[in-house]
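Observations on the model geometry
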Amino acid sequence: MSVNSPPHLATTDRRLWALAWPLMLTNLTVPLLGLVDTAVLGHLESPEYLGAVAVGANLFSILYWTFGFMRMGTTGLAAQAWGQRDEFAQIALLLRSVLLAIGIGLLLILFHQPLIRLGLELMNPSERVAALAEEYASIRIWSAPAVLCQYTLVGWLIGTQLPKGPMVMLIVANGLNIVLDILFVNGFGWNSRGVAMATVLAEYSAAAIGFRMVLLRMPAGQGFSRALFGHLNDYLKILRVNRYIMVRTIALLLVLAFFTAQGARQGDTILAANAVLITFLLVISNGLDGFANAAEALIGEAVGKSSRQQFRQVFQVAFRWSLWGSILFTVAFVLGGRFLISLLTGIEEVRTTAWRYLPWLWMLPLASVWGFLLDGVFIGATRTRDMQNTMLFSALVVFLPVWWLTTGWGNHGLWFSLICLMLARAITMGLLFVSHSRHDRWFSEQ
């Protein structure tokens, strides 16, 4: 924090960091699991296991984050209720969102076989990788109710400004996942199947810890009254409010699935090398999302209180710290990228291939940080329709045409297209941010 910062910005700095640092630690435990999965499988005798988990994990990213509104939408709505100091609205939102999460999770288990088959057909991995990925997915699907409940619990805890709750919840659970990964893969020799089983057990542990955190947060004497459960229209309202996030998230994850599929078409070595590098993209996004998640809570509070001054202060501070964070990541990957790749895989062919495409990773932090930050602003203000429209434009009008025009570049064209997607998101959301601010639309009815 600069000693010359105005006093009001210094206070906002402290509030932002009080929320951001535990959320950063929480977020970084997510790609840490990917790092451990990659490191454990990357040192086995064949790249097929690593490729199978890359395909399977990508499939679940699409499947679960299709319902990512259970986290993002809950944060924005909970933050605005927090800003209004409406305890009933906060608790009712949580209960109804948890019930929706459980119901959707059970439906995913019920219909998992056709979903998995469709996903594998779209990604088109080699026959051996496809068989291992299907085995991985058939185990991992049983965590669906726990994962969606986690999204809701984490979103609510962030929105009500208890960031240490998600930190404790996910760090403990992810630590368990790492231990079980090593035990099941290296100890029992279960390969990609062991990674899936470790993840399922860890997801239910995380949900259990999250429910415990929420119960401790309940007001004294609060019971489960009939009014809290609400009516069908209350649940439909939650779904309507968040449908734009759902479409936006599907578009983003289909781009990442397309990226994986195009890598798979270039061979198992390219698929595995891209899996290593994409793991670092997850580190970048989850690390920088700490500032975006903190902005969600504080922007939502500002909208709930109708405080334009707080809105401006939060954005200025989050912008500054996001910039510094992206520069730090860039320096880290320029100086240590080759070493980090070597830590994740001992397969020489995969390692040298990943080194060849490492320069694209250097560009990602500064290209992507603005989209992450503006996501936080738009979620906090529940301007979710704008998020949908900018993502659809970036994917359909920028990413796909750029990929088609650069197919002759091979995997370099694929990475260039991903960079262009990130820049397109930043530019389109940035233009909307300026427009909404200039015309004072952040606090108007949508």
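Residues numbered from 1 in each chain as written. Predicted model: local features only at pLDDT ≥ 70, side-chain atom pairs only at ≥ 80, totals over all residues. Heavy atoms only, no water.

1. Focus: the overall build of the protein chain
Looking only at helices and strands, the protein chain features 17 helices and zero strands. Computed over C-alpha atoms, the radius of gyration of the protein chain comes to 21 Å, within 12% of the 22 Å expected from 2.2 N^0.38 for 446 residues, which places it in the range of a compact globule. For the protein chain, the C-alpha atoms occupy an extent of roughly 55 × 45 × 40 Å along the three principal directions. Counting only residues that meet the buried cut, the protein chain has 60% of its 446 residues in that class. Within the protein chain, contacts between residues at least 6 apart in sequence are counted, and of these 84% link residues at least 24 apart. Of the charged side chains in the protein chain, 30 are positive and 23 negative, and the gap between their average positions amounts to 10 Å. (Helix = DSSP H or I, 4+ residues; strand = E, 2+ residues; numbered from the N terminus. Rg over C-alpha atoms; globule rule 2.2 N^0.38 Å. Buried < 20%, exposed > 50% of the residue type's maximum accessible area, 1.4 Å probe, protein only. Contact = heavy atoms within 4.5 Å. Lys, Arg positive; Asp, Glu negative; His and termini not counted. Charge placed at Lys NZ, Arg CZ, Asp CG, Glu CD.)

2. Here we look at helix α6 (residues 127–140)
In this model α6 runs 20 Å from its N-terminal to its C-terminal C-alpha over 14 residues, within 8% of the 20 Å that 1.5 Å per residue would give. For α6, the set of buried residues is V129, A130, L132, A133, Y136, A137 and R140. On an axial view of α6, the arc spanned by its buried residues comes to 165°, and they lie on one face. (Expected span 1.5 Å × (residues − 1). Arc of directions from axis to C-beta.)

3. Details of the packing of helix α4 (residues 87–110) against helix α7 (residues 144–159)
Two elements in contact, α4 and α7, have axes separated by 7 Å at closest approach and are oriented at 160°. When the interaxial angle is binned, α4 and α7 end up roughly antiparallel. The interaxial crossing formed by α4 with α7 has right-handed handedness. Side by side, α4 and α7 meet where Q90, I91, L94, S97, V98, A101, I102, I104, G105, L106, L108 and I109 of the first sit next to A144, P145, L148, C149, T152, L153 and W156 of the second. (Axes fitted to C-alpha atoms, helices over the stretch in contact; angles between N-to-C directions. Parallel < 35°, antiparallel > 145°, perpendicular 65-115°, else oblique. Left-handed = near helix turned anticlockwise from the far one by under 90°.)

4. Side note on a positive patch on the surface
Side chains of K237, R240, R243 and R385 sit close together on the surface and give a patch of like positive charge. The leading source of residues in the positive patch is helix α11 (residues 232–265), at three residues. With respect to the helices, strands and loops of the structure, K237 is situated in helix α11. (Patch = residues over 30% accessible without salt bridge, like charges linked within 9 Å, V, L, I, M, F, W, Y side chains within 5 Å. Areas by Shrake-Rupley, 256 points an atom, 1.4 Å probe, with all protein chains shown as cover. Salt bridge = Lys/Arg side-chain N within 4 Å of Asp/Glu carboxyl O.)

5. Observations regarding the pattern of salt bridges
For the coordinates displayed, the defined rule picks out nine salt bridges. For the salt bridge of D375 with R248, the shortest nitrogen-to-oxygen distance reads 2.6 Å. Of this pair, D375 sits in helix α15 (residues 358–380) while R248 sits in helix α11, and the two are 127 residues apart along the sequence. There is no split in this pair, since D375 and R248 are both buried. Among the ionic pairs, E348 bridges to R351, the shortest N-O distance being 2.4 Å. Here R351 and E348 lie together in helix α14 (residues 348–356), a separation of three residues that amounts to about one turn. For E348, a relative accessible area of 42% puts it in the partly exposed group. One connected set of salt bridges, linked through shared partners, spans R15, E301 and K305.

6. Some details on the domain arrangement of the protein chain
What the domain assignment reports for the protein chain is domain 1 (8–28 + 243–445) and domain 2 (44–230). For domain 1 and domain 2, the distance between their C-alpha centres works out to 21 Å. The partner domain 2 presents 41 residues to the 40 residues of domain 1 that form the contact. Buried area between domain 1 and domain 2, both sides added, is near 3200 Å², and the carbon and sulfur share of it is 71%. Considering only the surface of domain 1 that becomes buried against domain 2, T26, L253 and D268 emerge as the three largest contributors, covering 16% of it. Remark: the boundary between domain 1 and domain 2 carries one salt bridge. Linking domain 1 with domain 2 are five residue pairs in polar contact (both at pLDDT 80 or more). Of all elements in the fold, only α1 (7–42), α11, α12 (268–305) and α15 reach the threshold of two or more residues within the side of domain 1 that touches domain 2. Ranked by residue count, the leading element in the side of domain 1 that touches domain 2 is α12, at 14 residues. The class makeup of the residues in the side of domain 1 that touches domain 2 is 25 nonpolar, eight polar and seven charged. (Domains from an automatic or database assignment. Buried area = accessible area lost by both parts, 1.4 Å probe. Polar contact = N/O pair within 3.5 Å; in protein donor to acceptor, adjacent residues only side chain to side chain. Nonpolar A, V, L, I, M, F, W, Y, C, P; charged D, E, K, R; others polar.)

7. A short note on the nonpolar core
Nonpolar side chains tend to gather and get buried jointly when the protein is soluble and globular. By size, the foremost hydrophobic cluster in this structure holds 94 residues, and its most contacted members are L16, M70, L108, F311 and W442. Element by element, the count of residues in this core is highest for α4, at eleven residues. For this core, the domains that each give at least three residues are domain 1 (8–28 + 243–445) and domain 2 (44–230). Ignoring sequence-local partners within four residues, the contact set of W442 consists of V303, F311, V377, F378, A381, R383, F433, H436 and S437. L288, F333, L418 and L421 belong to the second largest nonpolar core, which has 41 residues in total. (Core = buried A, V, L, I, M, F, W, Y, C linked by side-chain atoms within 4.5 Å.)

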